[in-house]
Amino acid sequence: MHGLLGTEDAHYAGCRRWWRHSVTEIRLPGHGAGGDVPSHPAAAAIDRLREAIGEQPQPPVVVGLSYLGAAVAFRAAESAPDRVAGVVMSGYSFLVSPDTLNRWLAGFTRMATHQQGSRNHFAELHGEKWEKLLTATFDELSDGCLRLPDVEDLTRVGTPVQLVNGALLQNERNAIGPAAAAGADVAVVAGAGHVVPVDAPRVFAATVEEFAARVDAGRTAFHERRRAAERAADVASGKAAEAGEAAHV
């Protein structure tokens, strides 16, 4: 799933020649030249992605780009972890506070509204409805209809997660350590900025597919945490049994 005010062509076209496995590209509702903007586009996107997940012959690795696409991917997978093999989030930080998000939204809105080149680009991709789409999505983020996943969400999610960020943006480099500490697999892509699939499509595709292979093999941070918890439970159970036998004697 692509990011806000993008399309699958704009964000993933460079990856297509490098994928070795079947890929289903999902368009965010309201994006592109056709179709109306839903009253709740992010909620509609989660529903659309859940439906697409259910249509796959095997549990897929779900990939989401930037704050909207990544959040939609995470929330769709969170609700049905047994139907998803893993989640890849790119161009994302689990540390974004509401105040920081509001500043970013305001800055993005100013850029999109006042820079003629940006206006022309978004109008070419989405038609004249792009401003309505932007407003509706930001309203959902601001009023909590779409809550961005944070570190606590990451520690509780029932499926492996990988964070793939570019090395060129400081806030996205800074997001790597806390994500790893909370249990995500992480990757930093040299020479890439916020939109890693555009800046480094071959590396992005290889990183996603390598993660998918480790999911299949049970060699992710998520699987290791689960094994560690099982070992700790076995030790605790053994100690309890020993204590019970000693008390009986």
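A brief report on the enclosed structure follows. A quick note: this is a predicted structure, and the numbers were derived from the prediction, not measured.

**Quick notes on the sheet that holds strand S1 (residues 61-65)**
Here four strands make up an open sheet; going across it, the order is S1-S2-S3-S4 and the pairing parallel. A single partner strand is all that each edge strand has here, and the edge strands are S1 and strand S4 (185-189). Across this sheet, the average inter-strand angle for adjacent strands is 15°, counted without regard to direction. Alignment of S1 against strand S2 (residues 86-90), held across five bridges, turns out to be parallel. What sits directly across from Gly-64, in S2, is Met-89. Its contacts with the sheet place helix H11 (residues 201-217) against S1, S2, strand S3 (161-166) and S4, and it is angled at close to 165° to S3.

**What to know about the layout of surface pockets**
Looking at the largest pocket, its volume works out to about 860 Å³. For the largest pocket, the lining is made up of 28 residues, of which Ser-22, Val-23, Thr-24, Pro-60 and Val-61 are closest to its centre. Broken down by secondary-structure element, the contributors of at least two residues to the lining of the largest pocket are helix H2 (41-54), S1 and H11. No other element matches the six residues that H11 contributes to the lining of the largest pocket. Its volume calculated, the second largest pocket comes out at about 550 Å³. Along its surface, the second largest pocket is lined by 25 residues, and Leu-4, Ser-66, Tyr-67, Phe-108 and His-194 are the ones closest to its centre.

**Some details on the pattern of salt bridges**
Per the stated rule, a full pass over the model turns up 16 salt bridges. A salt bridge links Arg-214 to Glu-210; the nearest nitrogen and oxygen atoms lie 2.7 Å apart. Taken together, the positions of Arg-214 and Glu-210, both in helix H11 and four residues apart, correspond to about one turn of that helix. Glu-210 sits in the partly exposed class, given a relative accessible area of 38%. Of the charged contacts in the structure, one is a salt bridge between Glu-224 and Arg-231, with a shortest N-O distance of 3.0 Å. Taking the relative accessible area as the measure of exposure, Glu-224 reaches 35% and is therefore partly exposed. Counted as one network, the salt bridges with shared partners bring together Arg-75, Glu-78, Arg-147, Asp-150, Glu-152, Asp-153 and Arg-156.

**Focus: unusual backbone geometry**
Here Leu-5, not a glycine, exhibits a phi torsion of approximately 60°, which is positive. Tracing the backbone shows Leu-5 in the segment before helix H1 (8-12).

**With respect to the packing of aromatic side chains**
Under the definition given, this model contains five aromatic pairs. Their ring planes at 35° and their centres at 6.4 Å tell us that Tyr-12 and Phe-204 sit as a pair that is tilted. With Tyr-12 in helix H1 and Phe-204 in helix H11, the pair connects residues that are 192 residues apart, well separated along the chain. Note on Tyr-67 and Tyr-92: the rings are 4.9 Å apart at their centroids and 40° apart in plane angle, and the pair reads as tilted.

**Quick notes on the side chain of Ser-90**
Position of Ser-90 among the secondary structure elements: in strand S2. Among the residues examined, Ser-90 registers a relative accessible area of 0% and is labelled buried. In contact with Ser-90, not counting residues within four places along its chain, are Gly-64, Leu-65, Ser-66, Val-164, Asn-165, Val-196, Pro-197 and Phe-204.

**Looking at empty space enclosed by the protein**
Within this structure, the stated rule accounts for one cavity of 30 Å³ or more. Its boundaries defined by the atoms lining it, the largest cavity holds a volume of some 40 Å³. At the level of elements, H2 and helix H6 (130-143) are the ones that each hand at least two residues to the lining of the largest cavity. Here the lining of the largest cavity is composed, by residue class, of seven nonpolar, two polar and no charged.

Procedures and definitions
Residues numbered from 1 in each chain as written. Predicted model: local features only at pLDDT ≥ 70, side-chain atom pairs only at ≥ 80, totals over all residues. Heavy atoms only, no water. Pairing = 2+ DSSP bridges. Helix = DSSP H or I, 4+ residues; strand = E, 2+ residues; numbered from the N terminus. Axes fitted to C-alpha atoms, helices over the stretch in contact; angles between N-to-C directions. Contact = heavy atoms within 4.5 Å. 1 Å grid on protein atoms, 1.4 Å probe; cavity = no way out; pocket = protein on both sides within 12 Å on 5 of 7 lines; lining within 4 Å. Points joined across faces, edges and corners; volume = space filled by probe spheres on them. Salt bridge = Lys/Arg side-chain N within 4 Å of Asp/Glu carboxyl O. Buried < 20%, exposed > 50% of the residue type's maximum accessible area, 1.4 Å probe, protein only. Phe/Tyr/Trp six-rings, centres within 6.5 Å; stacked < 30°, edge-to-face > 60°. Nonpolar A, V, L, I, M, F, W, Y, C, P; charged D, E, K, R; others polar.

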